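# Summary of the model geometry
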Amino acid sequence: MGRYIGGRVVSMVITFLIIASLTFFLMKLLPGTPFNNQEKLSDAQIVQLNEKYGLNDPVAVQYFTYMTNLFKGDLGVSFQQDGRQVSTIIGERIGPSAYLGFQSLVVGTILGLVLGIVAALRHNSIWDYGTMVVAVLGISIPSFVIAGLMQYWFGVKWQLLPVAYWDGFAYTIMPTIAIASIVVATIARFMRTEMLEVLGQDYIVTAKAKGLSSTAVVIRHTIRNASIPIITIMGPLVVGLMTGTLVIERIFVIPGLGEKFVNSILTNDFPIIMGTTLFFSFLFILVILLVDILYGIVDPRIRLAGGKE
Amino acid sequence: MERILDVNDLHVSFDTFAGEVKAVRGVNFHLNKGETLAIVGESGSGKSVTSKAVMRLIPDPPGRIKQGEIKFGDRDLSKLSEKEMQKIRGSEISMIFQDPMTSLNPTMTVGKQIMEGLIKHQNMNKSEAKERAIELLKLVGIPDAEGRVTQYPHQFSGGMRQRVVIAIALACNPRVLIADEPTTALDVTIQAQILELLKDLQEKMGTSIIFITHDLGVVANIADRVAVMYAGKIVETGTVDEIFYNPQHPYTWGLLGSMPSLEATEEDLIAIPGSPPDLLDPPKGDAFAPRNPYAMKIDTEMEPPLFKVSDTHYAATWLLHEKAPKVEPPAAIKKRLRGMAPDEPIIATKDGERNV
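All figures in this text were calculated on a predicted structure; none of them were measured in a lab.

## Side note on the sheet that holds strand 5 (residues 75–76) of chain B
All names here are of chain B. On the basis of which strands lie adjacent, the open sheet formed by four strands has the order 2-1-4-5 and antiparallel pairing. Every interior strand has two partners, whereas the edge strands, strand 2 (19–32) and strand 5, have only one. The pairing of strand 1 (residues 3–16) with strand 4 (residues 63–72) spans eight bridges and is classified as antiparallel. Each residue of the ladder has a partner; that of L5, found in strand 4, is F72.

## Remarks on the nonpolar core
With 65 residues, the main nonpolar core has A:Y66, A:L70, A:L75, A:I187, A:M234, A:L278 and A:F280 as its most contacted residues. Looking at which element gives the most residues to this core, the answer is helix 9 (residues 214–251) of chain A, with 14 residues. Contacts of A:L75, omitting those with residues within four sequence positions, involve A:Y66, A:L70, A:V86, A:S87, A:I90, A:P271, A:G275 and A:L278. Among the nonpolar cores identified, the runner-up in size contains 38 residues, and B:M115, B:C172, B:F211 and B:I222 belong to it.

## Considerations on the interface of chain A and chain B
At the junction of the two partners, chain A supplies 21 residues and chain B supplies 26 residues. Buried area between chain A and chain B, both sides added, is near 2,000 Å², and the carbon and sulfur share of it is 58%. Ranking the residues of chain A by area buried against chain B places A:A209, A:K210 and A:R301 at the top, with a combined share of 28%. Viewed at the interface, chain B and chain A are joined by two salt bridges. Put simply, the parts of the chain that give the side of chain A that touches chain B at least two residues each are helix 8 (202–209), helix 9 and helix 12 (300–307) of chain A. Within the side of chain A that touches chain B, the residues separate by chemical class into seven nonpolar, six polar and eight charged.

## With respect to the pairing of strand 8 (residues 208–213) of chain B
Residues and elements named next belong to chain B. Within strand 8, six of the six residues are buried, which leaves it mostly tucked inside the rest of the structure. Burial along strand 8 is two-sided: S208, I210 and I212 and I209, F211 and T213, pointing in opposite directions, are all buried. Note that strand 3 (residues 36–40) and strand 8 share five bridges and pair parallel. Across the sheet, residue L37 finds its bridge partner in strand 8, namely I210. Note that strand 7 (residues 176–180) and strand 8 share five bridges and pair parallel. Of the residues in strand 8, the one forming a bridge with D180 is I212. A crossover connection joins strand 7 to the parallel strand 8 through helix 7 (residues 188–205); in handedness this β-α-β unit is right-handed.

## Here we look at the packing of helix 6 (residues 143–157) of chain A against helix 9 of chain A
Residues and elements named next belong to chain A. Look at helix 6 against helix 9: their axes get within 10 Å of each other, and the N-to-C directions meet at 25 degrees. One way to sum up the angle between helix 6 and helix 9 is to call them roughly parallel. Judged by the sense of rotation from one axis to the other, the crossing of helix 6 with helix 9 is right-handed. Along the contact surface, helix 6 presents S143, F144, A147 and Q151, while helix 9 presents V247, I248 and I251. In terms of residue class, the contact of helix 6 with helix 9 is made up of five nonpolar, two polar and no charged.

## Structural notes on the sheet that holds strand 3 of chain B
Residue and element names in this part refer to chain B. With mixed pairing, the eight strands of this open sheet are ordered in space as 6-7-8-3-9-10-12-11. Single-partner strands in this sheet number two, and they are strand 6 (93–96) and strand 11 (307–308). Contacts between helix 6 (residues 158–170) and the sheet are confined to strand 6 and strand 7, with strand 6 contributing the most and set at about 170 degrees to the helix.

Rules used in this analysis
- Residues numbered from 1 in each chain as written.
- Chains lettered and ligands numbered in written order.
- Predicted model: local features only at pLDDT ≥ 70, side-chain atom pairs only at ≥ 80, totals over all residues.
- Heavy atoms only, no water.
- Pairing = 2+ DSSP bridges.
- Helix = DSSP H or I, 4+ residues; strand = E, 2+ residues; numbered from the N terminus.
- Core = buried A, V, L, I, M, F, W, Y, C linked by side-chain atoms within 4.5 Å.
- Buried < 20%, exposed > 50% of the residue type's maximum accessible area, 1.4 Å probe, protein only.
- Contact = heavy atoms within 4.5 Å.
- Buried area = accessible area lost by both parts, 1.4 Å probe.
- Salt bridge = Lys/Arg side-chain N within 4 Å of Asp/Glu carboxyl O.
- Nonpolar A, V, L, I, M, F, W, Y, C, P; charged D, E, K, R; others polar.
- Right-handed = clockwise from strand over helix to strand, strands pointing away.
- Axes fitted to C-alpha atoms, helices over the stretch in contact; angles between N-to-C directions.
- Parallel < 35°, antiparallel > 145°, perpendicular 65-115°, else oblique.
- Left-handed = near helix turned anticlockwise from the far one by under 90°.

In short, shape yes, function no, at least from these values alone.
Here is the structure:
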């Protein structure tokens with residue numbers, strides 16, 4: 001197991017470096033420069049700023065400088081905010097994003113599992129069809145549409161929930177629903193399929209033939225085995241959830257990292273773009289590693305295959 | 001002899017989109033204490049459905065026991081509630097399944113899987129159940145039982161897994177063991193070992209066994225009595241000797257004739273022509289008539305009753321009617337029958353030899 005994780009960490013670092021390089025060059029292809037959309041700057045000031053941040057150097061040199069600093073743990077300073085450290089800005093903004101992401105993930109996963117299990121156990125009943133309709137809607141309607149509709153009905157029409165901003169639990173409800181909808185839908189559909197698959201397995205008949213109650217069969221033999229594949233989709237799902245927050249934070253004016261990220265692209269704030277991208281990438285890679293390790297813990301077949309040294 | 005299980009006029013149907021599939025159409029059989037009854041037939045003859053009906057493990061819907069009774073002691077299993085059935089399953093009647101590769105839960109240790117039944121039926125606590133699980137693993141011939149009990153199914157070979165499945169089934173000393181093609185998925189040398197184990201355990205524990213198979217070689221080895229099933233009905237039943245040396249039903253002849261043996265030349269191997277009837281719409285008369293070279297006019301019109309051949313031997317064919325012409329089994333089968341001397345089993349399990 002130790003060697004397995006070691007190998008994975010090495011490949012994680014390589015992945016991370018590739019992402020950093022690709023993002024750097026892609027970012028250089030963005031139209032405009034950080035300073036020419038500022039009305040109040042004179043030409044001389046722009047030249048001076050470009051010089052100060054090394055933007056006149058050849059791209060290769062800039063890349064080299066950036067990567068060297070990255071190795072030292074220095075993400076650079078923002079171009080737009082008086083040269084504040086990128087890491088400080090990320091630190092300030094991470095709170096609401098992390099809270100929202102975590103809450104959506106927990107709510108979405110639990111609800112998705114419950115719906116999937118109920119749908120499978122009540123296969124071909126109104127419960128099953130109802131759940132699948134909800135799931136298909138959740139997958140096919142983009143979260144920003146759900147967000148907009150909720151803002152209109154719950155926020156403006158019925159005045160039940162605050163339309164936007166970030167000031168306490170009530171403000172988290174609508175963004176959470178918007179983000180969690182895709183999680184609920186994906187997990188419910190997946191869990192239903194997996195449950196049906198497992199319920200059709202021979203070992204379920206063996207368990208019944210032992211005289212176990214149907215509750216024991218479902219809990220001990222079905223749900224555990226059905227949830228193993230769910231762990232694999234959790235990786236991509238968490239990734240989707242992070243990108244989902246980018247848009248949702250903007251719609252609900254939540255001062256989170258996603259909102260900052262979108263703004264930094266609009267203003268060509270290169271160090272912020274790089275910093276947040278790398279931060280998200282790091283989380284993605286970490287989540288995928290955790291998922292793989294978790295997979296090995298839940299499924300003994302994988303645990304042993306990976307663990308033999 | 002004490003009858004432990006008595007199945008009377010059992011009908012099992014499955015409701016499908018195309019209509020009602022009558023998988024089992026009036027089956028009668030009984031099981032005596034300590035004996036092995038083999039139920040033989042080709043795929044789709046209803047043998048597995050019959051055994052699952054006894055365990056009440058037919059998925060409902062779409063399946064249902066339409067009529068008939070399954071007498072087990074003074075209870076009728078077909079009428080019991082699910083809760084009452086759960087008390088019987090695994091403790092009084094157990095089942096072994098065909099494919100040991102899929103009939104064990106891959107994410108649970110074999111020990112836990114054996115212990116489940118013990119904890120449920122015998123009120124054991126965990127450590128008692130674990131001790132008993134180790135005993136059972138030893139009983140079914142798994143070496144290093146103490147170490148193996150905490151391992152997962154994928155760490156066992158196919159034959160070893162089937163031993164684990166047998167240990168699970170025998171955990172609570174059931175009175176009846178239903179073995180649904182327990183050797184079909186195993187390779188031949190392992191088959192012989194598992195059969196030997198089952199016979200051995202039956203002797204030790206006095207369990208009655210219903211053995212479902214399509215392999216007549218296995219039947220000759222393990223069974224005391226045989227019931228031949230075709231299209232959801234039992235067409236012939238008798239002791240092993242009666243079925244193998246004095247078969248009466250043309251379908252039994254066909255089964256025996258299509259069984260390869262080491263002595264048989266190529267011409268001796270006779271396939272039964274055609275395929276089994278569609279049980280969505282079972283034919284009038286004898287279901288085997290369209291495939292039966294000896295079919296008479298009455299076969300297409302009226303179902304034959306069970307004719308008595310001896311006290312233990314019955315066959316459902318009009319050929320046994322007093323007015324029917326005398327028909328001899330095909331020459332190849334007669335030759336085959338001669339080849340089977342009583343002292344010469346067609347399988348010799350001790351050295352793993354078997355006719356393929």
